[in-house]
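Summary of structural features
Below, each chain spelled out in residue letters.
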Amino acid sequence: MTSESDGHKELEQRERILREREVELRLREMEAKIHTADAPFHQTVKHQPENSPKPWMKNLILGGKLFALGVVALVAVRIASVLAGFIIVAALGWMSYKLFFESKKTNS
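Attention here is on the structure that accompanies the text. (Residues numbered from 1 in each chain as written. Predicted model: local features only at pLDDT ≥ 70, side-chain atom pairs only at ≥ 80, totals over all residues. Heavy atoms only, no water.)

**A look at the overall build of the chain**
Per the secondary structure count, the chain includes two helices and zero strands. Per-residue burial over the chain gives 0% buried out of 108 residues. For the chain, the exposed area adds up to about 10900 Å²; of that, 67% sits on carbon and sulfur atoms. (Helix = DSSP H or I, 4+ residues; strand = E, 2+ residues; numbered from the N terminus. Buried < 20%, exposed > 50% of the residue type's maximum accessible area, 1.4 Å probe, protein only. Areas by Shrake-Rupley, 256 points an atom, 1.4 Å probe, with all protein chains shown as cover.)

**With respect to a nonpolar patch on the surface**
Where nonpolar side chains cluster on the molecular surface, the patch consists of W56, M57, L60 and I61 and spans about 430 Å² of accessible area. Position of W56 relative to the elements: it lies in helix α2 (residues 55-107). (Patch = residues over 30% accessible without salt bridge, like charges linked within 9 Å, V, L, I, M, F, W, Y side chains within 5 Å. Salt bridge = Lys/Arg side-chain N within 4 Å of Asp/Glu carboxyl O.)

**Notes on the pattern of salt bridges**
If charged atoms from side chains of opposite charge come close, those side chains can pair. For the structure shown, the criterion picks out four salt bridges. R26 serves as the salt-bridge partner of E22, at 3.9 Å between the closest nitrogen and oxygen. In this pair, E22 and R26 both sit in helix α1 (residues 2-34), four residues apart, roughly one turn of the helix. A relative accessible area of 37% places E22 in the partly exposed class. Note that K98 and E102 form a salt bridge whose closest N and O atoms lie 3.3 Å from each other. Remark: E102 and K98 occur in helix α2; sequence separation between them is four residues, near one turn of the helix. Given the relative accessible area of 37%, K98 is considered partly exposed. A relative accessible area of 29% means that E102 is categorised as partly exposed.

Dropping the structure here:
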């Protein structure tokens, strides 16, 4: 009985050693693939479509949009200030009419 169990243990030990060697061999192969000196080198090229605008043209368009936005904002502020002035003058005129002219009509 002991010879069978010894044989079985010896067989398991040999299988374990064989598996460890296989794993070590696979690891060495993987490391060799990773650390190869003649790894393929692919030169990349930026793809530029034929009909795309040039980069300076994009910046020019962006600058034009920014300038137009500034002009629109300036015009909007001017219009708002003129409108506010009209509203203030109208409110002052209405209040002065109510205070000075309307009260005299009701007293007479």
